[in-house]
Amino acid sequence: MKFIAHRGASGYCPENTLSAFQQALSMGAQALELDVQQTKDGELVVVHDADLKRVAGVLLKVGQSSYKDICDLDVGSWFHPRFSVERLPRLAQVLEFVSQGVELHLEIKQSRPTFSDIETRILGLVEYLGSHKRRIVISSFHHPTLRRLRQLDRKIRLGYLVGKTLWFKALREAVVLNCESIHVALRQASLSRVRQSHARGLKFLVYTVNTRRELAHVQGLGVDGVFTNYPDLEFENGKQKDSTADISRANL
Ligand code: G3P
Ligand code: MG
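Predicted model, so just to flag it, every value in this text is computed and none were measured.

**Description of helix H9 (residues 212-221)**
Step number 1: Of the positions making up H9, those classed as buried are Arg212, Leu215, Val218 and Leu221.
Step number 2: Packing partners of the buried residues in H9 comprise strand S1 (2-6), helix H8 (191-199), strand S8 (203-207) and strand S9 (225-228).
Step number 3: Phi turns positive one or two residues past the end of H9, at Gly222, with a value near 85°.

Structure below.
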């Protein structure tokens, strides 16, 4: 079972920041997940929401701002004042982690209007990684984006985020696009879906699995991997970690 640090070790550090990724690596994470968007002047930045209200306290939309407008914003203090030095990472900075042997799950977040040619820009950056390119998996809830990526690169590893798409349509499309995995929310995971995915050669990944109880549940279903805010969940044994414990850890 693969453990993928969701937005880095986002239970311990502000999500999608260099601290969160470094923390995940120091906890032995094998893989990192991060969300990618594009500024209006074409810079690829690592951030989850379409605007910066939650992480920086300003109502600027990522896609309508230039990189210069947003690069100095503090995206760490919302989590804890000791993270006030955190700035929005550029994708290029996070890609450097592949040299440490970690797998990177790049999730493209699409907005309205969609980011112009984000697929080409991401593939262009990934190309610079040389042989490390094989450690990149690109996923999206926005399936036209996955179709475009497949048109542009017949070998790039793709993950299909199901979202609100009907299950059998999603399965069919994941196969047609030659995705290696299908990704679902915890509430969407079931034994029959795991089996149907495996029968089609797709790995089955689940987000977000943060407690021992949730982990035991999805392990019982035979899933191939989980996205977790607590990459050390993998190594915790013994006492059941419950959601109350998660909350206190998030406030570290
Ligand atoms: O890629 C898995 C997961 O990150 C998808 O949901 O909203 O956390 O990006 P979200
Ligand atoms: Mg994500």
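Structure shown, so let's carry the discussion forward.
**Observations regarding the side chain of Arg150**
Step number 1: Among the structural elements, Arg150 can be located in helix H6 (residues 143-152).
Step number 2: The side chain of Arg150 sits in the buried core without any salt bridge; Asp153 is the nearest counter-charge, 5.0 Å away.
Step number 3: A polar contact of 2.8 Å, which involves the side chain of Arg150, links it to the backbone oxygen of Asp153.
Step number 4: Filtering out sequence-adjacent residues up to four positions away, Arg150 remains in contact with Lys155, Ile156, Leu158, Leu177 and Asn178.

**Some remarks on the environment of Gly222**
Step number 1: For Gly222, the location among the structural elements is in the loop between H9 and S9.
Step number 2: A C-alpha to C-alpha distance of 33 Å links Gly222 and Ser111, two positions 111 residues apart in sequence.
Step number 3: In contact with Gly222, not counting residues within four places along its chain, are Val194 and His198.

**Considerations on the site of ligand 1**
Step number 1: Residues in contact with ligand 1, as listed here, are His6, Arg7, Glu33, Asp35, His48, Glu107, Lys109, Phe141, Leu161 and Tyr207.
Step number 2: Within the contact set of ligand 1, an oxygen atom lies 2.8 Å away from a side-chain nitrogen or oxygen of Glu107.
Step number 3: Between an oxygen atom of ligand 1 and a side-chain N or O atom of Lys109, the distance comes to 2.7 Å.
Step number 4: Here ligand 1 loses 91% of its free accessible area of 290 Å² to cover by the protein chains.

**Digging into the coordination of the magnesium ion (ligand 2)**
Step number 1: Taken together, Glu33 (OE), Asp35 (OD) and Glu107 (OE) make up the protein donors of the magnesium ion (ligand 2), found 2.0 to 2.2 Å from the metal.
Step number 2: Each donor residue of the magnesium ion (ligand 2) belongs to the same chain, with the gaps between them written as E-x1-D-x71-E. Residue Asp35 is found in strand S2 (residues 31-38), and its partner Glu107 is found in strand S4 (residues 103-108); the two are separated by 72 residues along the sequence.

**Here's the deal with the pattern of salt bridges**
Step number 1: Evaluation of the coordinates by the stated rule reveals 12 salt bridges.
Step number 2: With a closest N to O distance of 3.9 Å, Arg7 and Asp35 form a salt bridge. You can see Arg7 sitting in the loop between S1 and helix H1 (18-26) and its partner Asp35 sitting in strand S2, a full 28 residues away along the chain. Residues Arg7 and Asp35 agree in their burial class; the two are buried.
Step number 3: Arg157 is the partner of Glu180 in a salt bridge, and the nearest nitrogen-oxygen pair spans 2.8 Å. Taken together, the residues Glu180 in the loop between helix H7 (167-176) and strand S7 (181-185) and Arg157 in strand S6 (residues 157-161) connect sequence positions 23 residues apart.
Step number 4: Here the salt bridges share partners, and the residues they tie into one network are Lys2, Glu103, Arg157, Glu180 and Lys203.

**Focus on the packing of aromatic side chains**
Step number 1: The tally for this structure, following the rule as stated, stands at six aromatic pairs.
Step number 2: Centre to centre, the rings of Trp78 and Phe79 are 5.5 Å apart; their planes meet at 80°, and the pair counts as edge-to-face.
Step number 3: When its relative accessible area of 17% is taken as the criterion, Phe79 is described as buried.
Step number 4: Geometrically, the ring pair formed by Phe141 and Tyr207 is edge-to-face, given 6.2 Å between the ring centres and 85° between the ring planes. Taken together, the residues Phe141 in the loop between strand S5 (136-140) and H6 and Tyr207 in strand S8 connect sequence positions 66 residues apart.
Step number 5: By relative accessible area, Phe141 is classed as partly exposed at 36%.
Step number 6: Each member of the aromatic cluster is reached from another via a ring pair, and the members are Trp78, Phe79 and Phe83.

**Let's talk about the nonpolar core**
Step number 1: Grouped together as the largest cluster of nonpolar side chains are 62 residues, with contacts concentrated most on Leu106, Ile122 and Ile138.
Step number 2: Not counting chain neighbours up to four residues away, the residues in contact with Leu106 comprise Leu34, Val36, Leu91, Leu95, Ile122, Val126, Ile136, Val137, Ile138 and Ser139.
Step number 3: In terms of nonpolar packing, the next biggest core, distinct from the first, is built from nine residues, Val45, Val47, Val62 and Ile70 among them.

Parameters at a glance
- Residues numbered from 1 in each chain as written.
- Chains lettered and ligands numbered in written order.
- Predicted model: local features only at pLDDT ≥ 70, side-chain atom pairs only at ≥ 80, totals over all residues.
- Heavy atoms only, no water.
- Buried < 20%, exposed > 50% of the residue type's maximum accessible area, 1.4 Å probe, protein only.
- Helix = DSSP H or I, 4+ residues; strand = E, 2+ residues; numbered from the N terminus.
- Contact = heavy atoms within 4.5 Å.
- Lys, Arg positive; Asp, Glu negative; His and termini not counted.
- Salt bridge = Lys/Arg side-chain N within 4 Å of Asp/Glu carboxyl O.
- Polar contact = N/O pair within 3.5 Å; in protein donor to acceptor, adjacent residues only side chain to side chain.
- Near = heavy atom within 4 Å.
- Areas by Shrake-Rupley, 256 points an atom, 1.4 Å probe, with all protein chains shown as cover.
- Donors = N, O, S within 2.8 Å, 3.2 Å for Na, K, Ca; no water.
- Phe/Tyr/Trp six-rings, centres within 6.5 Å; stacked < 30°, edge-to-face > 60°.
- Core = buried A, V, L, I, M, F, W, Y, C linked by side-chain atoms within 4.5 Å.

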